[in-house]
Amino acid sequence: MTRPAARGGSRASADRLARLLNLVPYLLARPGIEIAEAAGDLGVTERQLREDLELLWVCGLPGYGPGDLIDMAFDGDTVTITYDAGIDRPLRLTPDEALALVVALRMLAETPGVANREAVERALAKIEDAAGDLVGAPVAVRLPGDNRRVEALRAAVEGGKALRITYYTAARDETTDRVIDPLRMLMVGGRAYVEAWCRRAEAVRLFRADRIDAITELDEPAAAPPQAVPHDLTEGVFRPSPDLPLITLRIARSERWITEYYPCERVEAGDGDQWLVSLRVTDLGWARRFVLGLGPDVTVVAPAELAEQVRATAAAALDAYAAPVSITSRPSVPDPADVPNMPSGDPAVAGRTQ
C-alpha cells in the first residue's frame, strides 16, 4: 500500500520542481502580477502558488546568505521578484559539470538493455560539440567486468543469433553447456545479464555475463518460442516465492547484515542479542554453502535436512585434518647450475617469478 503512495509523492515532487524552475522567469517578465492571475496561468490554486513562493524564499546560490537567496516583494495580492539569484541566465556548464555529464552519458550508452542507444549517442555528440574545450581529452568509459563478453552478448541480441555458452551456476556449484536464444541485455544491481530462452531448461533464464566462461555464436537465428516472455525485474533478479525452500537461521549480532542484504520473510528477537531469521532460497545446496561460509555465529534451526547437510559437510572437513601427514624427508633442491635455463639465486623466488 505504501509503494503507490511513494510513486505518487515522487511524481508530485517532480511536478513542483518543474513549476518552481518556470516560476521565476515567469514572474520576472510580469512584475507586480496578481497572484490569482499567476495561479490561473500556471494551472495551480492560489494556495499552492503561495506555498511555492514561500519555498522560493529559501532557494538560491551556495552560501545561502541574505544576498544569495531569491527575494521578492508582496504588495497586497501582487508579487514582484526583486532578486533572482541568477536563475534567469542560461545554464553554463563548468568544466567539471560538462565532464561529469559526458561520463554519465557514455556510461548510459555502454549499459546493456538501454532501449534507444542512438538517442543517447546523439545527445552525447551534441553536448561534446557544444562543450568544446571544456571536456578536454576524449573520455573512454567501460563497465566493470569482461567488456568483450558483454559486447559479444549484445551483438548476438542485436543480430538475432542463437548462442552456445558454458555457464557456471552458483546455486548448484556446477558448470553446464547450454544453447540459448537471447531476448535482451540488461543491467541489474551493477551486473550485466542476458535474458534468454534456455533450450536445456525449456524456460526463460537470466545469465550473468561474468559467469559465462565461453560463448560461441551459432549460424542459426535465435528462435525463442511464443511463451518466452521477459521477466519483470523491477524488484530485482531474485524473486522469493512460496514454492521455494524456507530456511530459518539463528544469528548473532555480527551476522545481522544478512537481514539487510537478503530478502527475509520474518525476523524475530531470540535469546540475548540473537535473532531468528527466515528467508527463501533457490535450493538447499546453495543454502548449505551459504551457511558454511558464515562461521560459528550462525545456527540452522530449520529445516532439519539443511542442518544435517551442514553438520555432515563440516564433519567431513574436520576428518580431512584429523590424520597428520608424516613428512619423512625434505625434498632436495637442485643446484641452479645443474638445471638448464634456471636462474641463479633462491630457487623458491625464481619459481615465483618465472
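Our subject is the structure that appears above.
In this text, all values refer to a predicted model and were calculated from it rather than measured experimentally.

Enquirer: It is not clear to me how the packing of helix α8 (residues 284–292) against helix α9 (residues 304–320) should be interpreted in this structure. Could you clarify?
Expert: Each packed pair of helices is defined by two parameters, the angle between the axes and the distance between the axes. Axis separation between α8 and α9 bottoms out at 10 Å; the angle between their running directions is 55°. Looking at the two axes, α8 sits oblique to α9. By crossing handedness, the relation of α8 to α9 is classed as right-handed. On α9, the residues touching Leu284, Ala287, Arg288, Val291 and Leu292 of α8 are Glu305, Leu306, Gln309, Val310, Thr313 and Ala314. Counted by class, the contact of α8 with α9 contains seven nonpolar, two polar and two charged residues.

Enquirer: Looking at this structure, I do not really get the sheet that holds strand β10 (residues 264–269). What am I missing?
Expert: Strand-to-strand pairing in sheets goes through backbone hydrogen bonds, with the strands running parallel or antiparallel. A sheet is described by the order of its strands in space; here four strands give the open sequence β10-β11-β9-β12, paired in antiparallel fashion. On the outer flanks of this sheet lie β10 and β12 (298–302), each paired with one strand and no other. Each strand of the sheet is rotated relative to its neighbour by a mean of 25°, with strand direction disregarded. Of the pairings in the sheet, the one linking β10 to strand β11 (residues 275–280) comprises five bridges and is antiparallel in character. Bridge pairing in β11 links Cys264 to Leu279. Across the sheet, α8 is in contact with β9 (246–251) and β12; its angle to β9 comes to roughly 10°.

Enquirer: What exactly am I supposed to notice about the environment of Arg211 here?
Expert: Tracing the backbone shows Arg211 in the loop between β7 (203–208) and β8 (212–221). Separated by 41 residues in sequence, Arg211 and Ala170 place their C-alpha atoms 8.6 Å apart. Residues in contact with Arg211, not counting those within four places in the same chain, are Thr166, Tyr167, Tyr168 and Ala170.

Enquirer: Any chance you could explain unusual backbone geometry here in plain terms?
Expert: In terms of backbone geometry, most residues other than glycine have negative phi values and most peptide bonds are trans. At the junction of Ala302 and Pro303, the peptide bond is cis and its omega measures out at 0° in the coordinates. Within the secondary structure, Pro303 is located in the loop between β12 and α9. Positive phi, normally seen in glycine, also occurs at Glu202, with a value near 55°. Within the secondary structure, Glu202 is located in the loop between β6 (191–198) and β7. A relative accessible area of 61% places Glu202 in the exposed class.

About the criteria used
- Residues numbered from 1 in each chain as written.
- Predicted model: local features only at pLDDT ≥ 70, side-chain atom pairs only at ≥ 80, totals over all residues.
- Heavy atoms only, no water.
- Axes fitted to C-alpha atoms, helices over the stretch in contact; angles between N-to-C directions.
- Helix = DSSP H or I, 4+ residues; strand = E, 2+ residues; numbered from the N terminus.
- Parallel < 35°, antiparallel > 145°, perpendicular 65-115°, else oblique.
- Left-handed = near helix turned anticlockwise from the far one by under 90°.
- Contact = heavy atoms within 4.5 Å.
- Nonpolar A, V, L, I, M, F, W, Y, C, P; charged D, E, K, R; others polar.
- Pairing = 2+ DSSP bridges.
- Buried < 20%, exposed > 50% of the residue type's maximum accessible area, 1.4 Å probe, protein only.

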